[in-house]
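Architecture and fold: a report
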Amino acid sequence: MTSQKITRSDRSEMIALRKIEYSRYLDDLRVIMYFHVLAKQLNLEDKKDYNATTNLLAIIILARGRCGLSCCITYYLVAIAVTDFSVIINGCILNRIGRIYFRDSVLSTTLACTLSTMLIFTIRDSSVWLTVAFTFDRFVAICHHSLKIRYCTHRTASVVIGIVCTLSCIKNTPFYFIFSPLYTLNGVPWFCIIKSIYYISPVWQAYDWLDHILVPFLPFLLILLLNALTISNILAASRARKRIRGAENRGDQETSNRKKSIVLLFAISVSFLFLWATYVGRFLYVQISGEGYFGGLDFNDPQYILQETTIMLQMLNSCNNVFIYTIAQNKFREELKNVLMSPFTTFSSCIKR
């Protein structure tokens, strides 16, 4: 092999490319700093409000369809972002904040509490199973090219999204019947507590196990299996490409993209595992110890803090999936930059006129 000398023109081109990369890095850094300052100005220090804002931004950017993604991927990501946004609005803002800081409002009545809880479980399950559906879609697209043409379409994505949301609604309807009022004042039932029969009846116990098997045990196993098969396929394709290209494999953009895909899939699986671990541990503790779930109004009780911590981590999982998927896309970051900079560009254009 003959060594190639780097000419002065090649050296100047390399310096120019490094300058471009450095300027792009500075632009991304400015966007991050601007977004952080914007969050502080809007009093978004609270994690729930911040997650709601990021999900809303993701919905807006993805719905514009300028991220270079196919219609099928866009449908899934928008659906996941919408369900994640609904989890934050219903589970955190209306249910948690409303119950703690506005005890005398209509949100604290038994009917509102029951409907809100059922809706939260429905949206949560939709978010989790849409993530599974999207993972399967990516598995088919990468590992089964013959099936990709028929399955990875916007029509199939629409049908799958509709089926997942419908089945999640049907599956969580029984939650409406497990609650009773915590107390009744002037004929108005307030708050909701799980009925004692829920812990005694074999039917309700079977339903409780089925609920936890469907979310999160089965989704995690499916996500882990599909991602493992996808990563195995990517590694096999990378090894074959490396053998074909030989020494020219250095700096291969295709290999770099595959490595990013592996990191992305691994991050999804690990994130799902850790954020649902405390929820599963809490469920197993209730089953083994025979104690019920907390249903009082003492928000300083250790049982309440533990229970709400598990729910917080579980809801956090509904916030970061779409973030992990989209932030890895260069065009999504460019669109995010355009959206965040749009107030300044509009203002500057008005001044120029």
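Scroll up for the structure.
Residues numbered from 1 in each chain as written. Predicted model: local features only at pLDDT ≥ 70, side-chain atom pairs only at ≥ 80, totals over all residues. Heavy atoms only, no water.

So, the nonpolar core
Across soluble globular proteins, you tend to see nonpolar side chains buried next to one another. Among the nonpolar cores identified, the biggest contains 41 residues, and Y76 and F134 are the most heavily contacted of them. Those elements that place two or more of their residues in this core are α2 (47-63), α3 (71-101), α4 (110-143), α6 (154-172), α8 (202-245), α9 (253-289), α10 (302-327) and α11 (330-352). Among the elements that make up this core, the one with the highest residue count is α4 (nine residues). Apart from the residues lying within four places of it in its own chain, the contact partners of Y76 are L130, A133, F134, D137, Y151, A157, V160 and I161. One finds C113, F179, W204 and Y207 within the second-largest nonpolar core, a separate group that totals nine residues. (Core = buried A, V, L, I, M, F, W, Y, C linked by side-chain atoms within 4.5 Å. Buried < 20%, exposed > 50% of the residue type's maximum accessible area, 1.4 Å probe, protein only. Helix = DSSP H or I, 4+ residues; strand = E, 2+ residues; numbered from the N terminus. Contact = heavy atoms within 4.5 Å.)

Concerning the state of the cysteines
Applying the stated criterion across every chain, the model contains one disulfide. Between the sulfur atoms of C113 and its disulfide partner C192 the distance amounts to 1.8 Å. One end of the pair, C113, is in helix α4; the other, C192, is in the loop between β3 (188-190) and β4 (193-194), and 79 residues separate them in sequence. Across the pair, C192 and C113 agree in class, each one buried. In this structure C169 is a free cysteine whose sulfur lies 9.3 Å from that of C165, the closest cysteine sulfur available. (Disulfide = S-S within 2.5 Å.)

Looking at the side chain of T110
Position of T110 among the secondary structure elements: in helix α4. Among the residues examined, T110 registers a relative accessible area of 9% and is labelled buried. Engagement of the side chain of T110 in a polar contact is seen with the backbone oxygen of F191, the distance being 2.6 Å. Those residues in contact with T110 that lie beyond four places of it in its chain are S180, P181, P189, W190, F191 and C192. (Polar contact = N/O pair within 3.5 Å; in protein donor to acceptor, adjacent residues only side chain to side chain.)

A look at the pattern of salt bridges
One side chain can pair with another of opposite charge once the charged atoms of both are near each other. All told, the structure shown has five salt bridges when counted by the stated rule. Put simply, K171 and D125 hold a salt bridge, and the shortest N to O gap is 2.6 Å. In this pair, K171 sits in helix α6 while D125 sits in helix α4, placing the two residues 46 residues apart along the sequence. Through salt bridges with shared partners, one network takes in R124, D125, K171 and D211. (Salt bridge = Lys/Arg side-chain N within 4 Å of Asp/Glu carboxyl O.)

What about a nonpolar patch on the surface?
A cluster of nonpolar side chains, W209, I213, F217, L218, L284 and I288, forms an exposed patch at the surface whose accessible area comes to about 540 Å². Broken down by secondary-structure element, the contributors of at least two residues to the nonpolar patch are α8 and α9. With four residues, the single largest contributor to the nonpolar patch is α8. Residue classification places L284 among the partly exposed residues on the basis of a relative accessible area of 35%. (Patch = residues over 30% accessible without salt bridge, like charges linked within 9 Å, V, L, I, M, F, W, Y side chains within 5 Å. Areas by Shrake-Rupley, 256 points an atom, 1.4 Å probe, with all protein chains shown as cover.)

Remarks on unusual backbone geometry
Here the bond from V215 into P216 is cis, since omega is 15°, no more than 30 degrees from zero. You will see that N186, though not glycine, has its phi angle at about 55°, which is positive. Mapped onto the elements, N186 comes out in the loop between β2 (183-185) and β3. For N186, a relative accessible area of 75% corresponds to the exposed category. Its identity is not glycine, yet F191 carries a phi of approximately 55°, on the positive side.

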